[in-house]
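# Summary of the model geometry
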Amino acid sequence: DAGILRDERDLERYVGYIENTLRLLNTTLFRNVKAEVVDLKLKMCEGLELWSKPYIRCFVRCIVATLHHYVGTCAMGSVVDSELRVRGVSGLRVVDASVMPRIVGGPTTAAVVMLAEKAADIIKYGRHISINSNQCQPQDSSYHNHETKKESEPEYFQNPHRKTKKRYRYPQYEKEMEHSQYQQTQKEVVHEVSQNPHEKTKKESDIQFPKTPAIQDKKKSDI
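Owing to the predicted nature of the structure, the values given are computational and were not obtained by experimental measurement.

### Details of the packing of aromatic side chains
The full count for this structure, using the stated rule, is four aromatic pairs. Where tyrosine 55 meets phenylalanine 59, the ring centres are 6.4 Å apart and the plane angle is 20 degrees; that geometry is what we call stacked. Placement of both tyrosine 55 and phenylalanine 59 in helix α3 (residues 53-63) is noted, with a separation of four residues, approximately one turn of the helix. Taking relative accessible area as the criterion, phenylalanine 59 reaches 10% and is therefore assigned buried. Three or more aromatic residues joined by ring pairs form one cluster here, namely Trp51, Tyr55 and Phe59.

Set out below in structure tokens:
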């Protein structure tokens with residue numbers, strides 16, 4: 001019960017709003033388009049002069065409504081806990097706008113959808129720690145088990161004929177890495193020779209580099 005029009009001052013304000021609207025009918029613009037107010041023929045207002053103050057009061061009481069979004073009747077912290085479980089009640093959760101301690105700054109639709117998604121995750125996966133003593137405990141999840149991971153792997157990861165995962169997964173990447181490591185070794189050796197004062201006369205041709213790894217496609221039989 002939102003207590004709409006419980007205060008008579010609210011009712012009188014509505015009457016004034018409608019009277020101001022009715023005055024617009026006397027303007028030149030609305031006369032030219034022959035505007036008129038539709039009589040809804042409300043049964044509760046029968047016998048009253050149309051658009052008089054008593055009629056308008058009756059009219060307002062019949063049709064007034066609110067577009068506000070109500071929240072907080074089952075607020076987190078007082079009625080439900082952080083996992084939306086009703087305190088002191090076993091096996092009951094509340095998931096709607098009533099669990100919001102304060103209203104959000106806009107329509108509640110998106111916020112309620114978010115609450116529903118979060119509650120679904122809590123119920124399915126049970127990732128949260130219980131903070132009260134009721135018996136509504138989240139179920140254990142098995143979505144991280146080995147069988148689920150194995151089924152979700154791409155088909156080429158499950159090839160039984162491969163020798164190593166790296167060689168089968170990234171053959172081209174592995175060859176590029178070998179080549180880059182060889183080039184890095186060359187740079188390090190040259191740098192060491194240039195920094196050593198006792199090796200100034202040593203020719204670059206005398207430096208012993210490691211053998212260049214063969215960069216060629218491996219046979220299919222090696223994969």
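Right, picking up where we left off after that structure.
### Quick word on a nonpolar patch on the surface
On the surface, Leu24, Leu29, Phe30 and Val33 cluster together into a nonpolar patch covering about 370 Å² of accessible area. Following the sequence through the fold, valine 33 ends up in the loop between α2 (28-32) and α3. Taking the relative accessible area as the measure of exposure, valine 33 reaches 56% and is therefore exposed.

### Overview of the pattern of salt bridges
Scanning the entire structure with this criterion turns up seven salt bridges. Across the salt bridge formed by aspartate 7 and arginine 9, the nearest N and O atoms sit 2.7 Å from each other. Between aspartate 81 and arginine 85 there is a salt bridge; the shortest N-O distance is 3.1 Å. Take aspartate 81 and arginine 85: they sit in the same class, and that class is buried. Each of the salt bridges in this network shares a partner with another, and the network as a whole consists of Asp81, Glu83, Arg85 and Arg93.

### Remarks on the state of the cysteines
The tally for this structure, following the rule as stated, stands at one disulfide. Across a sulfur-sulfur distance of 2.0 Å, cysteine 45 and cysteine 58 are joined as a disulfide pair. With the S-S dihedral at roughly -95 degrees, the linkage between cysteine 45 and cysteine 58 falls on the left-handed side. Of this pair, cysteine 45 sits in the loop between α2 and α3 while cysteine 58 sits in helix α3, and the two are 13 residues apart along the sequence.

### Here's the deal with unusual backbone geometry
Residue lysine 34 is not a glycine yet carries a positive backbone phi of 55 degrees. Here lysine 34 shows up in the loop between α2 and α3. Of the residues examined, lysine 34 reaches a relative accessible area of 72% and is grouped as exposed. You will see that tryptophan 51, though not glycine, has its phi angle at about 65 degrees, which is positive. Structurally, tryptophan 51 can be placed in the loop between α2 and α3.

### Overview of the environment of valine 60
With respect to the helices, strands and loops of the structure, valine 60 is situated in helix α3. Sequence separation of valine 60 and leucine 11 is 49 residues, and the distance between their C-alpha atoms is 7.5 Å. If we ignore the near neighbours within four places in the chain, the residues touching valine 60 are Leu5, Leu11, Tyr14 and Ile18.

Definitions and limits used
- Residues numbered from 1 in each chain as written.
- Predicted model: local features only at pLDDT ≥ 70, side-chain atom pairs only at ≥ 80, totals over all residues.
- Heavy atoms only, no water.
- Phe/Tyr/Trp six-rings, centres within 6.5 Å; stacked < 30°, edge-to-face > 60°.
- Helix = DSSP H or I, 4+ residues; strand = E, 2+ residues; numbered from the N terminus.
- Buried < 20%, exposed > 50% of the residue type's maximum accessible area, 1.4 Å probe, protein only.
- Patch = residues over 30% accessible without salt bridge, like charges linked within 9 Å, V, L, I, M, F, W, Y side chains within 5 Å.
- Areas by Shrake-Rupley, 256 points an atom, 1.4 Å probe, with all protein chains shown as cover.
- Salt bridge = Lys/Arg side-chain N within 4 Å of Asp/Glu carboxyl O.
- Disulfide = S-S within 2.5 Å.
- Contact = heavy atoms within 4.5 Å.

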